[in-house]
Amino acid sequence: MRNKQATRLLLELSEPGRRGAVLPECDVPCQNLENLVPDRFLATSAPNLPEVTEPEVVRHYANLSTLNMSVDTHFYPLGSCTMKYNPKRNERLAALPGIVDVHPYQSDRSLQGLLRLFFELQQMLAEISGLDAVSLQPAAGAHGEMAALMVAAAYFRDQGELRNKVLTPDSAHGTNPASAKMCGFESVTVKSTPEGFVDMEDLRSKLDETVAVFMITNPNTLGLFECNVAAIAEEVHAHGGLIYLDGANMNAILGITRPGDFGADMMHFNPHKTFSGPHGGGGPGAGPIAVAEKLGDYLPVPIVVKTNSPDGPFFHLEFDRPQSIGRVRSFFGNCGVLVRAYCYLLTHGGPGLRRVAENAVLNANYLLSRVKHFLPVPQSESCMHEFVASAAELKQDRGIAAMDLAKRLLDYGIHAPTVYFPLTVKEAIMIEPTETESKETLDHFAETLFRIIDEPVDLLHEAPHTTGVSRPDEVAAARKPILKWVANNPPT
Ligand SMILES: *Cc1c(COP(=O)(O)O)cnc(C)c1O
């Protein structure tokens, strides 16, 4: 469904014979094509390509680029996904020829600069995590989860232990149970208390010698710091299990506390969230993992290692690691994203990183203190870097759902917050302002939300009105392919 002002498709602009460039007549003899290209590759008719002029193409794409929202153009308070500003300095540095022009098959000797950068990044991430060994290989947070669970599986196999379960809280990101399944574990859900913390009774009832890993997000997806985390880790460890920390919320605790210090054995980072890599639209990201010493030998290959020779330090990619789970990605990982993370970390330094987290938490609490007066925030008086409001009452009283608020915000030039996650909050609206926003932006957001709540219900149900694309019927769209798929794939 397109709103009126949307750009037309290039095919709709097409006029027969229109061209962007006029090529000179061919002045070399043309060989008979049929002799060069096998029959089966030859088209029988010309492809249906748009015939348009160069200015039309330029205008088309320039207009398309304005239809989207981005962190460079709009406030983007997307909870859980940390859409912080992407410093342009990092873009410039990641585009240096020594980084973009290298080839993955170059020798280690000719890649010393990049390998040193990776080596130092491994060390920085180990320090921030409070863990011992790091792999930069995984291509995204979810991929890091999976790689780490493969590490855990290999570790338990070597210990001769049969552990087939992974526990995840009911507030966990969907990728946690999905990663567990992908690695062949049974995924078991642990309940949360009404206050939003891990229900210790429920955890104890599910904890036994078949549990390999408890995956926990801390601060959790409600933006609350799980104060019991050390006790949880102690109980899981007492049963021989490992603690996995979903590091997507590191923005709240950078430089303040370290997962390794509160009991985590493994974790992933989301450099595209926490360390300001540009993301959205599916990538690219990276998902480095950090693990405790006893798990280090199982990390994916290659690892960047440093040896000291009389000529000075030498960095190389180490493949010969017999206990490794092997490769989880081609070549070194998502190089550009990792370079940006390295630049971000060096720019801030230790004390700067701590200030990042402090300001992220301050901004979220300021916004929470304004929003809670007109939109209930069931689980928190105060929060870490994000909070979860609920439109449940609003829906009951006036028929205004979280989705309506999210869509209407777009009309005011604000990217929608995350909605309907975590699943434990009805009509959830998850708001994460990040540290890079000013008080004026936060005030504007709160005032806009307040104004929207008072608008006519019909206006909200049909929002957005000013965007290139109007509201799709997401429920019908989501149901259709799923039902068709279920019909075609009956359970076995
Ligand atoms: C974003 C996120 C993930 C997954 O990370 P990707 O890089 O998107 O794969 C996992 N857990 C939480 C809590 C997240 O917010």
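Please read all numbers here as calculations on a predicted model, not as lab measurements.

## Re the overall build of the protein
Right, so step 1: When helices and strands are counted, the protein shows 17 helices and twelve strands.
Right, so step 2: Taking 492 residues into account, the globule formula puts the C-alpha radius of gyration at 23 Å, and the protein, at 26 Å, falls close to it.
Right, so step 3: When burial is assessed residue by residue, the protein has 49% of its 492 residues classed as buried.
Right, so step 4: The long-range fraction of contacts in the protein, counting pairs at least 24 apart against all pairs at least 6 apart in sequence, stands at 71%.

## Here's the deal with the sheet that holds strand β12 (residues 428–431)
Right, so step 1: Taken in spatial order, the three strands make up an open sheet running β10-β12-β11, and their pairing is antiparallel. Taken across any chain shown, the strands that pair with only one partner, and hence form the sheet edges, are β10 (387–390) and β11 (418–419).

## Structural notes on the site of the ligand
Right, so step 1: Ser80, Ala140, Gly141, Ala142, Glu145, His173, Thr175, Asp246, Ala248, Asn270, His272 and Lys273 make up every residue found near the ligand.
Right, so step 2: In this structure, an oxygen atom belonging to the ligand sits 2.8 Å away from a main-chain N or O atom of Ala142.
Right, so step 3: Separating an oxygen atom of the ligand from a side-chain N or O atom of Asn270 is a distance of 2.9 Å.
Right, so step 4: When the free accessible area of the ligand is taken as 380 Å², the share hidden by the protein chains comes to 88%.

## Observations concerning the packing of aromatic side chains
Right, so step 1: For the structure shown, the criterion picks out ten aromatic pairs.
Right, so step 2: Ring geometry for Phe118 versus Phe332: centroids 6.2 Å apart, planes at 65°, classification edge-to-face. In this pair, Phe118 sits in helix α6 (residues 112–129) while Phe332 sits in the loop between β9 (312–318) and α12 (335–371), placing the two residues 214 residues apart along the sequence. Exposure class is identical for Phe118 and Phe332. Each is buried.
Right, so step 3: Cluster of aromatic residues (ring-pair linked, three or more members): Tyr155, Phe156 and Tyr298.

## A closer look at the pairing of β12
Right, so step 1: Neither face of β12 is exposed, since Ala428 and Met430 on one face and Ile429 and Ile431 on the opposite face are all buried.
Right, so step 2: Here β11 runs beside β12; their pairing, made up of two bridges, is antiparallel. Within β12, the position partnered with Thr418 by the bridge is Met430.

## So, the pattern of salt bridges
Right, so step 1: Within the structure shown, the criterion is met by 22 salt bridges.
Right, so step 2: The partner of Glu201 in a salt bridge is Arg204, with the nearest N and O atoms 3.5 Å apart. Taken together, the residues Glu201 and Arg204, both in helix α9 (residues 200–206) and three residues apart, mark about one turn of the helix.
Right, so step 3: Linked through salt bridges whose partners overlap, the residues forming this network are Arg370, Lys439, Asp443 and Glu447.

## A word on the pairing of strand β4 (residues 211–217)
Right, so step 1: Of all seven residues in β4, seven are buried, a share of seventy percent or more.
Right, so step 2: Where strand β2 (residues 165–169) and β4 come together, three bridges link them in parallel fashion. Paired with Val166 across the bridge in β4 is Val213.
Right, so step 3: Where β4 and strand β5 (residues 242–246) come together, five bridges link them in parallel fashion.

## Digging into helix α8 (residues 175–182)
Right, so step 1: Within α8 the residues assigned to the buried category are Thr175, Asn176, Ser179 and Ala180. All buried residues of α8 project into a common sector of 140° when viewed along the axis, lining one side. Of the residues in α8, the exposed ones pointing more than 90 degrees away from the buried face are Lys181 and Met182.
Right, so step 2: The positive-phi residue at the C-terminal boundary of α8 is Gly184, with phi of around 85°.

## Description of the sheet that holds β5
Right, so step 1: Read across the open sheet, the seven strands follow the order β1-β7-β6-β5-β4-β2-β3; overall the sheet is mixed. What marks the edges here is a single partner per strand, and that holds for β1 (133–135) and β3 (186–190). With strand direction ignored, the average angle separating the axes of adjacent strands in the sheet is 20°.
Right, so step 2: With three bridges connecting them, β5 and strand β6 (residues 266–268) associate as parallel partners. Among the inter-strand pairings, Asp246 is bridged to a residue of β6, identified as His268.
Right, so step 3: Here helix α7 (residues 141–158) sits on the sheet in contact with β2, β4, β5, β6 and β7 (289–291), set at roughly 170° to β5.

## Here we look at the packing of α6 against α12
Right, so step 1: Where α6 meets α12, the axes come as close as 10 Å, and the angle between the chain directions of the two elements is 50°. Relative to α12, α6 is oriented oblique. The chirality of how α6 crosses α12 is left-handed. The residues of α12 that touch α6, namely those facing Leu114, Leu117, Phe118, Glu120, Leu121, Met124, Leu125 and Ile128, are Cys335, Leu338, Val339, Tyr342, Leu345, Leu346 and Leu353.

## Re the domain arrangement of the protein
Right, so step 1: The domain architecture assigned to the protein consists of domain 1 (4–67), domain 2 (88–348) and domain 3 (356–477).
Right, so step 2: A C-alpha centroid distance of 30 Å is found between domain 2 and domain 3.
Right, so step 3: Contact with domain 2, which involves 22 residues of that partner, is made by 21 residues of domain 3.
Right, so step 4: Summing both partners gives a buried area of about 1500 Å² for domain 2 against domain 3, and 64% of it is carried by carbon and sulfur.
Right, so step 5: Looking only at domain 2, the three residues that lose the most surface to domain 3 are Thr221, Leu222 and Asn251, adding up to 35% of its buried area.
Right, so step 6: Applying the counting criterion to the domain 2 and domain 3 interface returns zero salt bridges.
Right, so step 7: On the surface where domain 2 and domain 3 come into contact, there are five residue pairs in polar contact (both at pLDDT 80 or more).
Right, so step 8: Considering only residue class, the side of domain 2 that touches domain 3 consists of eleven nonpolar, nine polar and two charged.

Here is what the cut-offs are and how they apply
- Residues numbered from 1 in each chain as written.
- Predicted model: local features only at pLDDT ≥ 70, side-chain atom pairs only at ≥ 80, totals over all residues.
- Heavy atoms only, no water.
- Helix = DSSP H or I, 4+ residues; strand = E, 2+ residues; numbered from the N terminus.
- Rg over C-alpha atoms; globule rule 2.2 N^0.38 Å.
- Buried < 20%, exposed > 50% of the residue type's maximum accessible area, 1.4 Å probe, protein only.
- Contact = heavy atoms within 4.5 Å.
- Pairing = 2+ DSSP bridges.
- Near = heavy atom within 4 Å.
- Polar contact = N/O pair within 3.5 Å; in protein donor to acceptor, adjacent residues only side chain to side chain.
- Areas by Shrake-Rupley, 256 points an atom, 1.4 Å probe, with all protein chains shown as cover.
- Phe/Tyr/Trp six-rings, centres within 6.5 Å; stacked < 30°, edge-to-face > 60°.
- Salt bridge = Lys/Arg side-chain N within 4 Å of Asp/Glu carboxyl O.
- Arc of directions from axis to C-beta.
- Axes fitted to C-alpha atoms, helices over the stretch in contact; angles between N-to-C directions.
- Parallel < 35°, antiparallel > 145°, perpendicular 65-115°, else oblique.
- Left-handed = near helix turned anticlockwise from the far one by under 90°.
- Domains from an automatic or database assignment.
- Buried area = accessible area lost by both parts, 1.4 Å probe.
- Nonpolar A, V, L, I, M, F, W, Y, C, P; charged D, E, K, R; others polar.

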